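Results of the structural survey
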There are 2 protein chains.
Amino acid sequence: MNIKGFTFSAVEAAIKKPGRKDLALILSEVPAVCAAAFTRNKVKAAPVLLGQERVAGGTLRAVVVNSGNANACTGEPGLEAARETARLVAAAVDLPETEILPSSTGVIGVQMPMERVKAAIPALVSGLAGGTLDDVARAIMTTDTFPKVAFREGSSGGKAYTVAGVAKGAGMIRPDMATMLSFIVTDAAVEPQFLRSCFLAAVDSSFNCITVDNDMSTNDTALIMANGMAGNSPVDAMSPDSSEFVRLLGEVTLDLAKAIVKDGEGATKFVTIKVCGAVNDSDARVAAMAVANSPLVKTAFFGQDANWGRILAAVGYSGSEVDQTRVSLFFDAVQMVSGGLFVGGDAEARGSAVLHNPEFCVTIDLGLGDGCATVYTSDFSYDYVKINADYRT
Amino acid sequence: MNIKGFTFSAVEAAIKKPGRKDLALILSEVPAVCAAAFTRNKVKAAPVLLGQERVAGGTLRAVVVNSGNANACTGEPGLEAARETARLVAAAVDLPETEILPSSTGVIGVQMPMERVKAAIPALVSGLAGGTLDDVARAIMTTDTFPKVAFREGSSGGKAYTVAGVAKGAGMIRPDMATMLSFIVTDAAVEPQFLRSCFLAAVDSSFNCITVDNDMSTNDTALIMANGMAGNSPVDAMSPDSSEFVRLLGEVTLDLAKAIVKDGEGATKFVTIKVCGAVNDSDARVAAMAVANSPLVKTAFFGQDANWGRILAAVGYSGSEVDQTRVSLFFDAVQMVSGGLFVGGDAEARGSAVLHNPEFCVTIDLGLGDGCATVYTSDFSYDYVKINADYRT
């Protein structure tokens, strides 16, 4: 994978447990057009507050990201630590500090160990010579059990380009080991407004369609940088190749989002929830999310119990328009419910067999209109409780 | 406890496991003024659909309630079964069937075993001679581990009266073993409109302020019947004794609501969440409910982890107005957070000591206004997952 003009590095700065890299850098040779989605949590980490300002500038040169400390609920000293981290990198690579985006994930409420960050900067910058995107994916892991990287290759006006990204766990987010983070880079040239609109749409169909426990961290960040080094004419809504770029970006973000669900804390099942036949797409999403977030539905998935009653109850309280006499429900291709009633026969045994698979799809047809939505979730296991009940170590 | 003019009965109709009573009757000698709150779930059980009509009539003589079968998602045959149950009781006690409210809790999607219900009616009616409210409390249990009964005694215009009630588990509701049910009876005479408004207010401050897993069943019902046999002049908003009646009713419903939380599936902690300093009461409640429902907060309670970061994150995403620099947080009397920042010192050790108690209070002061709310919740334990992952037996 070659993303022209981007270099990567990761080092151990002793912010988290010894023996694990915890500070990473993504650098573009030239200013990259950027767009980002940040947490809507009103309690925002210091680097999110700073990041919102810097992304508004329209271009970035680098992202410096640490794991092990969220730099959240740290007040003015936390904001100064985020600024100082960017300033240290800026000085080392000779760039304006406002072109550097700081990002953090880890424990809430603890000040950043700035002496250790400062000491690690020279090695971080010199590491750019030999680092890879995979190094970054590993350095941002907290409770993740595997690194998350995805990429696609395409072309625009005869110029080959790559869209690549990394992500770390969320959904099953632990606000103290905070965060969904994702950084996407591409060497394609993309018109800024178009980049922003198609990135926000991609985030909405991927990272915003996954849930593990319905908690939202203080640090959630998804960022894209497009540096144009592929040499194509900037892709915009009118370009003949725009749909290919949109599709590839959507695939990268969806791959990363699905990887996050599969790595959900304690997850043993990967479940796709499809709602169709809603009065509109928004209602479909509300209903799908209610099912995906219900602890009762999720424990039933863990128990491999074809418990359609809990799913119907979740749809019923979701807020979506529902006429219970028109609802159908399927586990993969096995119909369980028709007109709101259990279909009988051997459906119980066949539905239960579907739930014994590690991945399956629940389809709910509300029978009211054309609204559709798909979301992704995991089950709720003993291990989810165990991981999250353990003391912050 | 003597609630004049009310009699009670419970029998085993073989709807649920052998050896447990599962059909109960509450009968008033005279028509009782009634009011009720039903589930807002759009998927409603048959007896809820019928009950809404019958409560609208303004008076009731009896409630017939079964456990073991929710009579939900059962279509037209389910509605007929609910009507038939009321009709059988009506015939046996010589009353109009529209004065009998049927109610159900149990498995979703299974038709009622009407032959067994019919066969049990004679014993149910003859049992009225010797039954008690406690018998009813036991007969409506499903996954509850103890019966829930509460009562208070008061007087109005020199006439003694009693307010008494029963409830069964919810919050930790299992929509397949559905439901929060509560039946309150009083021999006080109460003006109908006043009864309705003070009952809905009492429900709002009790049953609507508890949560175990944020699921809402298809069968939730809270009903009050006031038969006036105490002989007082009807209590209304102008009565000198109205505030006493309101207080006693509020205490009975709150006692029952707290008992439900304490009996939450797998619960090991009883936690009061108080939010004050919100811009208004509605915001305070939204924030308190977000904390009370967060799986991450609840697993931290189970782990006895003084994890204020997760609580602040939940407040942040609740939708309430929040300025993170003004938030204070306490575990009982131990202040953990001031101005959005950890207070330091020995707060971690002292806060953790509080969380080792079986009951404690989390107070969050948003520092913005006068809005307050209190809700009650439990922790999320291994046993919650175990109970809900087990097959429907």
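Further up the page is the structure itself.
Anyway, here's the lowdown on the structure attached to this text. Computed from a predicted model, the values in this text were never measured in an experiment.

Basis of the calculations
For every chain, the first residue of its written sequence is number 1, and the numbers climb from 1 along that sequence. Note on labels: chains are lettered from A, ligands numbered from 1, in written order. This being a predicted model, a pLDDT of at least 70 is required before a residue's local features are given, and a value of 80 or more before pairs of side-chain atoms are given or counted; all residues contribute to the totals for chains, interfaces and linings. No hydrogens and no water enter the side-chain calculation; it runs on all heavy atoms of the structure. Every helix listed is a DSSP run of H or I at least four residues long, and every strand listed is a run of E at least two residues long, numbered separately from the N terminus. Two things to know: the radius of gyration comes from C-alpha atoms, and the globule rule equals 2.2 Å times the number of residues to the power 0.38. With a 1.4 Å probe rolled over the protein chains alone, any residue whose accessible area is under 20% of its type maximum counts as buried; one over 50% counts as exposed, and the rest are partly exposed. A contact between two residues is defined here by any heavy atoms of the two lying within 4.5 Å. In this description, accessible areas are obtained by the Shrake-Rupley approach with a 1.4 Å probe, and a residue is regarded as covered only by the protein chains that are shown. Each pair of strands is called paired provided DSSP finds at least two bridges between the two strands. For helices, the axis comes from a line fit to the C-alpha atoms of the stretch in contact; other axes are also lines fit to C-alpha atoms, and the angle between any two N-to-C directions lies between 0 and 180 degrees. We define a polar contact as two N or O atoms separated by no more than 3.5 Å, with the added condition that, inside protein, one atom must be a possible hydrogen donor and the other a possible acceptor, whereas residues neighbouring each other in sequence contribute only through side-chain atom pairs. Within this analysis, patches are made of residues with over 30% relative accessible area and no salt bridge. Like charges are joined at 9 Å or less; nonpolar side chains (Val, Leu, Ile, Met, Phe, Trp, Tyr) at 5 Å or less. We define a salt bridge as a contact between a side-chain nitrogen of Lys or Arg and a carboxyl oxygen of Asp or Glu at a distance within 4 Å. The rule is short: rings of Phe, Tyr and Trp, with Trp giving its six-membered ring, pair when the centres are within 6.5 Å, and they are stacked under 30 degrees, edge-to-face over 60, tilted in between.

Okay, the overall build of chain A next. Secondary structure assignment for chain A yields eleven helices and 15 strands. Relative to the globule expectation of 21 Å for 393 residues, the C-alpha radius of gyration of chain A, 22 Å, shows essentially globular dimensions. Taken along its principal axes, the extent of the C-alpha atoms in chain A is 70 × 55 × 35 Å. Within the span of chain A, comprising 393 residues, buried residues form 61% of the whole. Taking all contacts inside chain A whose residues are at least 6 apart in sequence as the whole, residues at least 24 apart take part in 79%. Of the roughly 13,300 Å² of accessible surface on chain A, a fraction of 52% belongs to carbon and sulfur atoms.

Three- or four-residue spacings in an α-helix give side chains the same orientation, since the helix completes a turn every 3.6 residues. Residue and element names in this part refer to chain A. Listed as buried for helix 1 (residues 46-56) are A46, P47, V48, L50, G51, R54 and V55. Of the surrounding secondary structure, the elements contacted by the buried residues of helix 1 are strand 2 (23-38), strand 3 (59-69), helix 2 (75-93), strand 4 (100-107) and strand 9 (221-226). Just downstream of helix 1 lies G58, where phi reads positive at about 95°.

Before going further, it helps to spend a moment on the sheet that holds strand 15 (residues 371-378) of chain B. Residues and elements named next belong to chain B. If you trace the seven strands from one edge of the open sheet to the other, you get 8-15-10-14-11-12-13, paired in mixed fashion. Looking at strand neighbours, the two that pair on one side only are strand 8 (210-211) and strand 13 (341-342), the edges of this open sheet. Pairing geometry for strand 10 (residues 270-278) and strand 15, over seven bridges, is antiparallel. The residue of strand 15 that forms the bridge with A278 is G371. Packed onto the sheet, helix 6 (residues 242-262) meets strand 8, strand 10, strand 14 (359-365) and strand 15 and runs at close to 45° relative to strand 15.

Time to look at the side chain of T39 of chain A. Along the chain, T39 of chain A falls in the loop between strand 2 and helix 1. Side-chain polar atoms of T39 of chain A contact the backbone nitrogen of N41 of chain A, separated by 3.0 Å.

A few words now on a nonpolar patch on the surface. A surface patch of nonpolar side chains, about 260 Å² in accessible area, is lined by M1, V149 and F151 of chain A. Looking at where V149 of chain A falls in the secondary structure, it is placed in strand 5 (residues 148-156).

Within this structure, the stated rule accounts for nine aromatic pairs over all chains. An angle of 75° between the planes, with centres 5.4 Å apart, marks the rings of F301 of chain A and F360 of chain A as edge-to-face. Pair noted here: F301 of chain A is in helix 8 (residues 295-302) and F360 of chain A is in strand 14 (residues 359-365), with a separation of 59 residues, a long-range link. Side by side, F301 of chain A and F360 of chain A carry an identical accessibility label, which is buried. Geometrically, the ring pair formed by F270 of chain B and Y376 of chain B is stacked, given 5.9 Å between the ring centres and 20° between the ring planes. Placement of F270 of chain B in strand 10 and of Y376 of chain B in strand 15 is noted, with a sequence separation of 106 residues between them.

This part covers the sheet that holds strand 8 (residues 210-211) of chain A. All names here are of chain A. Read from one edge of the open sheet, seven strands run 8-15-10-14-11-12-13, paired in mixed fashion. Every other strand in the sheet has two partners, leaving strand 8 and strand 13 (341-342) as the edge strands with one partner each. Where strand 12 (residues 334-338) meets strand 13, two bridges bridge the pair, whose relative direction is antiparallel. The partner of V337 across the bridge, within strand 13, is F342. Contacts between helix 9 (residues 308-317) and the sheet are confined to strand 11 (328-331), strand 12, strand 13 and strand 14, with strand 11 contributing the most and set at about 130° to the helix.

The next subject is the pairing of strand 14 of chain B. Within a regular beta strand, the side chains point alternately toward one face of the sheet and then the other, so they alternate between its two faces. Residue and element names in this part refer to chain B. Of all seven residues in strand 14, five are buried; the element is thus mostly enclosed. With seven bridges connecting them, strand 10 and strand 14 associate as parallel partners. Looking across to strand 14, one finds that C276 is bridged to D365. By the bridge criterion, four bridges tie strand 11 (residues 328-331) to strand 14 in an arrangement that is antiparallel. Directly across from L329, in strand 14, lies its bridge partner I364.

Attention shifts here to unusual backbone geometry. Of note, A14 of chain A is a non-glycine position whose phi angle comes to about 65°, a positive value. Inspection of the secondary structure puts A14 of chain A in the loop between strand 1 (6-11) and strand 2. With a phi angle near 50°, D332 of chain B is a residue other than glycine that sits in the positive phi range. Note on placement: D332 of chain B falls in the loop between strand 11 and strand 12 (334-338). Of the residues examined, D332 of chain B reaches a relative accessible area of 33% and is grouped as partly exposed.

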